[in-house]
4 protein chains.
Amino acid sequence: VIATSAEIVAEDFSFAYEFSDQDEVDLVIVLGGDGSILQSARQMGAHQVPVLGINCGHLGFLAALSPEDFLDVWPRVCEGDFRIVDHLMLQVQIVRADAVVAEQLALNEAAVLSGPPFHILDIDYYADGELATQYRCDGLIVATPVGSTAHSLSAGGPIVRRQLQAMILSPISPHTLTYRPVVESADTVVELAVTEPQPTTCILVDGRVLGTLLSGDRVRIQRSPTSFRMLRVPGQNDYRTLREKLGWSGSLNLRR
Amino acid sequence: VIATSAEIVAEDFSFAYEFSDQDEVDLVIVLGGDGSILQSARQMGAHQVPVLGINCGHLGFLAALSPEDFLDVWPRVCEGDFRIVDHLMLQVQIVRADAVVAEQLALNEAAVLSGPPFHILDIDYYADGELATQYRCDGLIVATPVGSTAHSLSAGGPIVRRQLQAMILSPISPHTLTYRPVVESADTVVELAVTEPQPTTCILVDGRVLGTLLSGDRVRIQRSPTSFRMLRVPGQNDYRTLREKLGWSGSLNLRR
Amino acid sequence: VIATSAEIVAEDFSFAYEFSDQDEVDLVIVLGGDGSILQSARQMGAHQVPVLGINCGHLGFLAALSPEDFLDVWPRVCEGDFRIVDHLMLQVQIVRADAVVAEQLALNEAAVLSGPPFHILDIDYYADGELATQYRCDGLIVATPVGSTAHSLSAGGPIVRRQLQAMILSPISPHTLTYRPVVESADTVVELAVTEPQPTTCILVDGRVLGTLLSGDRVRIQRSPTSFRMLRVPGQNDYRTLREKLGWSGSLNLRR
Amino acid sequence: VIATSAEIVAEDFSFAYEFSDQDEVDLVIVLGGDGSILQSARQMGAHQVPVLGINCGHLGFLAALSPEDFLDVWPRVCEGDFRIVDHLMLQVQIVRADAVVAEQLALNEAAVLSGPPFHILDIDYYADGELATQYRCDGLIVATPVGSTAHSLSAGGPIVRRQLQAMILSPISPHTLTYRPVVESADTVVELAVTEPQPTTCILVDGRVLGTLLSGDRVRIQRSPTSFRMLRVPGQNDYRTLREKLGWSGSLNLRR
């Protein structure tokens, strides 16, 4: 039996359904763009149910199916002619005096950013407990492969294929000119500490503020035991999306 | 007669001397790093006096003279064996309902940045009154050639030789992947308007908040009638500074 | 009297007309894309005549007028309702044992590149006779503002407004990670020397090989006394071209 | 029993020892820099023996042990107090008319590059037999994680931690401005076809020409069954190397 919460989402845009382990939901159909899917992932939290995303506007990286394609695909979905693919999610925690004071799952990325007075951030990066390096920058993004085509990409990060178990660390406006994005193993426990946080130094998860960082806080980012699960329907293709979303089909070539 | 405010700067770091047109100051000697020179430029405002910068720590882009070099050079400075070079400064204004509500001279750059809730910024860029493009980004930097080795460089901007009459527009984390830094003529009147400013959307001048931007505000940036004037002493050389400050001498080469 | 060589170009694509000082040509209409205009500039050499470019396919950076626009604009062109704009060209010379052994005008760029065996290039860059820096890279591009949207852009160079009197030095795959593109004054005499040229180390001008470089050769690049002259017709606008050619109108935005 | 071929390498720099399956070699000690280790990997081919690299000059990414460190570490190596770590190598083949006409193992990268007449390369990239995208560029690098700090890094690629099973595709001077480096799964069969090869279009493996590409050729790149095996000694640390080799310790910070 396939139960869809699509109507709920579509009706009220309130993302109000409360998922739990008692659910008998097999599939969530998300009508909307990538933002709606991101929102659904947030809403499901530790109770991830497979998602099928239908884009109602432009093609998305996640919502790769148009409404027309959906009608073609749906009968085969009901017959089970599809594959559920697990995507890495990150558990993001603010650790203060050895206690976790806030946490959230990330499908795209966690980002340390700062507002007024906009001083340079010094961010110590610990990999598995050992100081790896100190970033001097305007911000630092730790992204999943799914998130590699979102904020991290605009900060200069690479596109990472989704099946890779990896995290991408992309500094924003790095003041050390030799910094380059780093692709880390997803098994690494990443900890970030801002040396002198400003009143507005925050950790964002998927574009939303999780909390403000105080001096001594550590942001701990590690592989979540929960995956984001997405239905892979025939015809979907990551490179096709890149060609269409990023103009890789060649429409924006330079002359020479 | 050469009067130095060096002692004042050195003694109290308060940058308290008030410059005016009545000054009979011929030269300001700044002891400190690039930050101190930036501070001096701010302090002098519309009353710029030629500056000689002595770095008391690391070599700077502006404070290119070591204390030892200074002792060698000083007698020749007194004999007038030097040249004063004018450097472009920018007049940065917040225009609200046709009135200028705040303004400041920039030696390095003006930057539109935002804090919580850290939404993407949509910044309309008008060149001489005509809409040139809309940036979607985390921030936008408009730098002078002197400032091209500061914040703009870390955001991906080019190094622009100081004698060029130019402004550099460098977006931070641009969401349109085809954006590249633009080097504009210094005679262009640049106006920036943030479509939906957030409570913390600010315009910074040389790293300090000039003001918060409201909806409808325009930031106007244009060539200042006043230049920053710096003594060019023998031995100073922009490329030498690049080699030493940025390791262009080749110490950080990759193998292949 | 307006004489057009458009038919010649259109008929045979042979670019065979020989321009001279005795010409009574007031205007050259180039039908084709940016490549045809580049070819015309090469063909005219030291005898540059104002050019009006009509793109027969996609919008170009130089051929910014569509055939339809042309019909609208033509009567006003005949009435002299237009402005001729000078664009910087570079004189590129191979200097061997104090003699110029080859030379060519560049409208877009000069580039030092190498083929087999594809070793890293060490290129000494002299600015006005003084060693500025040594590039270790796969190649080095010296572009005009017009050429800033061509090869230089793909190598990471900035977009430079055409009225600026500047050259852009953009290294290809620089092995020193702190290298950034440099925007030089157009009055600088740029000289490049490849320390150990390989058999295929060449200097290209506007995409064509000018010559092979031997050990001891210098490539001298400086402002040409001749400018490329282009008719500026109403409606033309550099930023519009950027919006349309590079998708700056926002069609390729990332989600977040 | 530990047999070293170090003396051979050190004596003649000829890399002449022929490795075979009959070898009773447990460890190869390479004296030299990263280049020597690269050379050793090439020399061992399908018969990889664990390597311990001692840098005789600067710190290397691979030769991370100084001679002094070696003396400290050696007794513990003899006691077996070390771990052998496998590193991904790529099998690079030129396929012509369904036959493999040349092949080589890559420890760093394979690169498609071109010489005179230096036209833009159109490179079709097939991922597991399916056309993924077409690159328009000056070259294309497919690197291992070990090679991510070599040529790929200078072309804008990310740093990829060595334990990841990944390949990095980094285009050189891409003419489509939205191209970004892609981190692929190491299990992908990568095939590259140059649409119109020039006489000098080559495939390089670890910096050496493997062969010239003809029209119709495919370059096939896939995970090698053989790994490069390196001794991991206490004190070695990838991030330390980044800090020291790339100046990540902060010595090249910009002011602001």
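It should be emphasised that the depicted structure is a prediction, and the values quoted were computed from it without experimental measurement.

Chemist: What is the right way to look at the side chain of Thr226 of chain D in this model?
Modeler: By secondary structure assignment, the location of Thr226 of chain D is in the loop between β16 (218–223) and β17 (228–232). For Thr226 of chain D, the residues in contact, after removing those within four places along its chain, are Gly45, Ala46, Gln48, Met89 and Leu105 of chain D.

Chemist: Where do I start with the pairing of strand β7 (residues 121–127) of chain B in this structure?
Modeler: The side chains of a regular strand alternate between both faces of the sheet. Residues and elements named next belong to chain B. Burial of β7 is extensive: 7 of the 7 residues sit out of reach of the surface. Where burial is concerned, the two faces of β7 agree: the one with Leu121, Ile123, Tyr125 and Ala127 and the one with Asp122, Asp124 and Tyr126 are both buried. Pairing of β7 with strand β8 (residues 130–137), which is carried by 7 bridges, proceeds in the antiparallel orientation. By the bridge assignment for β8, Ala127 is matched with Glu130. Counted between consecutive antiparallel strands, the loop separating β7 from β8 contains 2 residues, among which Asp128 sits at a positive phi close to 50°. Across 5 bridges, β7 lies against strand β13 (residues 190–194) in antiparallel orientation. Bridged to Ile123 within β13 is Val194.

Chemist: I'm lost on the sheet that holds strand β14 (residues 202–205) of chain A in this one. Help?
Modeler: Sheets are built from strands paired through backbone hydrogen bonds, the pairs being either parallel or antiparallel. Taken in spatial order, the 7 strands make up an open sheet running β15(A)-β14(A)-β6(A)-β9(A)-β11(A)-β12(A)-β10(D), and their pairing is mixed. The outermost strands of the open sheet, each flanked by one partner alone, are β15 (208–212) of chain A together with β10 (159–160) of chain D. Pairing geometry for strand β11 (residues 166–172) of chain A and strand β12 (residues 182–185) of chain A, over 4 bridges, is antiparallel. Considered in β12 of chain A, the bridge of Ile168 of chain A is made with Val183 of chain A.

Chemist: I keep staring at the pattern of salt bridges and nothing clicks. Help me out?
Modeler: Oppositely charged side chains may form a pair once their charged atoms are brought near each other. As enumerated under the stated definition, the model contains 36 salt bridges over all chains in all. Put simply, Arg240 of chain A and Glu244 of chain A hold a salt bridge, and the shortest N to O gap is 3.6 Å. On the criterion of helical spacing, the pair formed by Arg240 of chain A and Glu244 of chain A is a turn pair, its members being 4 residues apart in helix α5 (residues 238–245). What makes Arg240 of chain A partly exposed here is its relative accessible area of 26%. When the shortest N-O distance is used, the salt bridge between Arg161 of chain C and Glu184 of chain B registers 2.5 Å.

Chemist: Looking at this model, I keep getting lost on the interface of chain D and chain C. Mind explaining?
Modeler: Each partner contributes residues to the interface: chain D has 24 residues there, and chain C has 24 residues. Contact with chain C buries area across many residues of chain D, yet Phe118, Ser154 and Leu177 of chain D alone supply 33% of it, more than any other trio. Breaking the side of chain D that touches chain C down by element, the ones donating at least two residues are α4 (151–154) and β14 (202–205) of chain D. The element that contributes the greatest number of residues to the side of chain D that touches chain C is α4 of chain D, accounting for 3 residues. When its residues are assigned to classes, the side of chain D that touches chain C shows 14 nonpolar, 9 polar and 1 charged.

Chemist: So what exactly am I meant to see when it comes to the relation of the copies chain C and chain B here?
Modeler: Put simply, the two copies of the chain differ by a rotation about an axis and a shift along that axis. Screw-axis analysis of chain C against chain B gives a translation of 0.0 Å along the axis, an RMSD of 0.0 Å, and a rotation angle of 180°. Here the copies are linked by what is in effect a two-fold axis. Among all residues of chain C, the one whose C-alpha sits closest to the rotation axis is Pro158 of chain C, at a distance of 3.3 Å. Counting the interface residues of chain C, we find that 100% of their copies in chain B are interface residues as well, pointing to one common contact surface.

Chemist: Quick question: what am I supposed to make of the sheet that holds strand β6 (residues 109–113) of chain C here?
Modeler: Taken in spatial order, the 7 strands make up an open sheet running β10(B)-β12(C)-β11(C)-β9(C)-β6(C)-β14(C)-β15(C), and their pairing is mixed. Each of the sheet's edge strands pairs with one partner strand only, and the pair in question is β10 (159–160) of chain B together with β15 (208–212) of chain C. Two strands pair when backbone bridges link them, and strand β9 (residues 139–143) of chain C and strand β11 (residues 166–172) of chain C are joined in this way by 5 bridges, in the antiparallel orientation. Residue pairing in the sheet places Leu140 of chain C in a bridge with Pro171 of chain C of β11 of chain C.

Chemist: How should I be thinking about the interface of chain C and chain B in this particular structure?
Modeler: With 44 residues of chain C in contact, the opposing surface of chain B contributes 44 residues. Of the roughly 3700 Å² buried between chain C and chain B, counting both surfaces, carbon and sulfur atoms make up 54%. Taken together, chain C and chain B are joined by 2 salt bridges. At the junction of chain C with chain B, the criterion picks out 22 residue pairs in polar contact (both at pLDDT 80 or more). Examining the composition of the side of chain C that touches chain B, we find that 7 residues originate from one element, strand β8 (residues 130–137) of chain C, more than from any other. Of the residues belonging to the side of chain C that touches chain B, the class tally is 23 nonpolar, 12 polar and 9 charged. Looking at chain direction, β10 of chain B and strand β12 (residues 182–185) of chain C are connected through 2 bridges and run parallel. Across the sheet, the residue bridging to Val160 of chain B is Val183 of chain C, located in β12 of chain C.

Chemist: Can you walk me through the nonpolar core in this structure?
Modeler: Soluble, globular proteins show a tendency: their nonpolar side chains are buried together. Formed by 56 residues in total, the largest nonpolar core has its most connected members in Val183 of chain A, Val183 of chain B, Val183 of chain C together with Val183 of chain D. Dropping the residues within four chain positions of it, Val183 of chain D is found in contact with Pro158, Ile159, Val160, Arg161, Leu164 and Val183 of chain A together with Pro158, Val160, Ala166, Met167 and Ile168 of chain D.

Chemist: What is the right way to read helix α5 (residues 238–245) of chain C from this model?
Modeler: Each α-helix winds once per 3.6 residues, and so residues spaced three or four apart point in a common direction. Within the span of α5 of chain C, buried status applies to Asp238, Tyr239, Thr241, Leu242 and Lys245 of chain C. Down the axis of α5 of chain C, the sector holding all buried residues measures 155°, keeping them to one side. Buried residues belonging to α5 of chain C abut β7, β8 and β12 (182–185) of chain B together with β10 (159–160) and β17 (228–232) of chain C. Two or three places before Tyr239 of chain C, at the opening of α5 of chain C, Asn237 of chain C has a side-chain oxygen 2.8 Å from that residue's backbone nitrogen. Residue Gly247 of chain C follows α5 of chain C closely and has a positive phi angle near 70°.

Chemist: Would you take a moment to explain unusual backbone geometry for this structure?
Modeler: Backbone phi values are negative for most residues with the exception of glycine, while trans is the configuration of most peptide bonds. Pro116 of chain A connects to Pro117 of chain A through a cis peptide bond whose omega is 0°. One can find Pro117 of chain A in the loop between β6 (109–113) and β7 (121–127). Residue Asp128 of chain A is not a glycine yet carries a positive backbone phi of 50°. Turning to its location among the elements, Asp128 of chain A is positioned in the loop between β7 and β8 (130–137). A positive phi is found at Ala97 of chain D, a non-glycine position, where the angle reads about 50°.

Chemist: What is the right way to look at the environment of Pro234 of chain B in this model?
Modeler: Considering the arrangement of structural elements, one finds Pro234 of chain B in the loop between β17 (228–232) and α5 (238–245). Measuring from C-alpha to C-alpha, the distance between Pro234 of chain B and Val77 of chain B comes to 10.0 Å, with 157 residues separating the pair along the chain.

Chemist: Looking at this structure, how should I read the packing of aromatic side chains?
Modeler: The geometry of an aromatic ring pair is captured by the separation of the ring centres together with the interplanar angle, meaning the angle of the planes. Counting across every chain of the model gives 24 aromatic pairs over all chains. Ring geometry for Tyr135 of chain A and Trp248 of chain D: centres 6.4 Å apart, planes at 50°, overall tilted. With Tyr135 of chain A in strand β8 and Trp248 of chain D in the segment after α5 (238–245), the pair connects residues from two separate chains. Ring geometry for Tyr125 of chain B and Tyr239 of chain C: centres 5.5 Å apart, planes at 85°, overall edge-to-face. With Tyr125 of chain B in strand β7 and Tyr239 of chain C in helix α5, the pair connects residues from two separate chains. Each member of the pair, Tyr125 of chain B as well as Tyr239 of chain C, is classed as buried. Above the ring of Tyr126 of chain A, the side-chain terminus of Arg218 of chain A is found at 3.9 Å from the ring centroid.

Chemist: Would you take a moment to explain helix α3 (residues 67–78) of chain D for this structure?
Modeler: Residues and elements named next belong to chain D. Its 12 residues place the ends of α3 16 Å apart at the C-alpha level, agreeing with the 16 Å of an ideal helix rising 1.5 Å per residue. Regarding α3, the residues found buried are Phe70, Val73 and Val77. Down the axis of α3, the buried side of the element spans an arc of 85°, and every buried residue falls inside it. The exposed residues of α3 that point more than 90 degrees off its buried face are Glu68, Leu71 and Asp72. Positive phi appears at Gly80, one or two residues downstream of α3, with a value of about 85°.

Chemist: Help me out: how do you make sense of the pairing of β14 of chain D in this one?
Modeler: All names here are of chain D. Side-chain alternation along β14 places Cys202 and Leu204 on one buried face and Ile203 and Val205 on a second face that is also buried. In terms of strand pairing, strand β6 (residues 109–113) meets β14 through 4 bridges, oriented antiparallel. What sits directly across from Ala110, in β14, is Val205. Here β14 pairs with strand β15 (residues 208–212) via 4 bridges, running antiparallel. Its bridge partner lying in β15, Cys202 is registered against Thr212. Hairpin geometry of β14 and β15 is characterised by an intervening segment of 2 residues between the two adjacent antiparallel strands and by a positive phi of about 50° at Asp206.

Chemist: What is the right way to read the environment of Leu231 of chain D from this model?
Modeler: All names here are of chain D. Relative to the assigned elements, Leu231 resides in strand β17. In this structure, the C-alpha to C-alpha distance between Leu231 and Arg83, residues 148 residues apart in sequence, is 5.8 Å. If we ignore the near neighbours within four places in the chain, the residues touching Leu231 are Leu27, Val51, Leu52, Val77, Phe82, Arg83, Ile84 and Gln236.

Basis of the calculations
Residues numbered from 1 in each chain as written. Chains lettered and ligands numbered in written order. Predicted model: local features only at pLDDT ≥ 70, side-chain atom pairs only at ≥ 80, totals over all residues. Heavy atoms only, no water. Helix = DSSP H or I, 4+ residues; strand = E, 2+ residues; numbered from the N terminus. Contact = heavy atoms within 4.5 Å. Buried < 20%, exposed > 50% of the residue type's maximum accessible area, 1.4 Å probe, protein only. Pairing = 2+ DSSP bridges. Salt bridge = Lys/Arg side-chain N within 4 Å of Asp/Glu carboxyl O. Buried area = accessible area lost by both parts, 1.4 Å probe. Nonpolar A, V, L, I, M, F, W, Y, C, P; charged D, E, K, R; others polar. Least-squares fit on C-alpha atoms with pLDDT ≥ 70 in both. Polar contact = N/O pair within 3.5 Å; in protein donor to acceptor, adjacent residues only side chain to side chain. Core = buried A, V, L, I, M, F, W, Y, C linked by side-chain atoms within 4.5 Å. Arc of directions from axis to C-beta. Phe/Tyr/Trp six-rings, centres within 6.5 Å; stacked < 30°, edge-to-face > 60°. Lys NZ or Arg CZ within 6 Å of the ring centre and 35° of its normal. Expected span 1.5 Å × (residues − 1).

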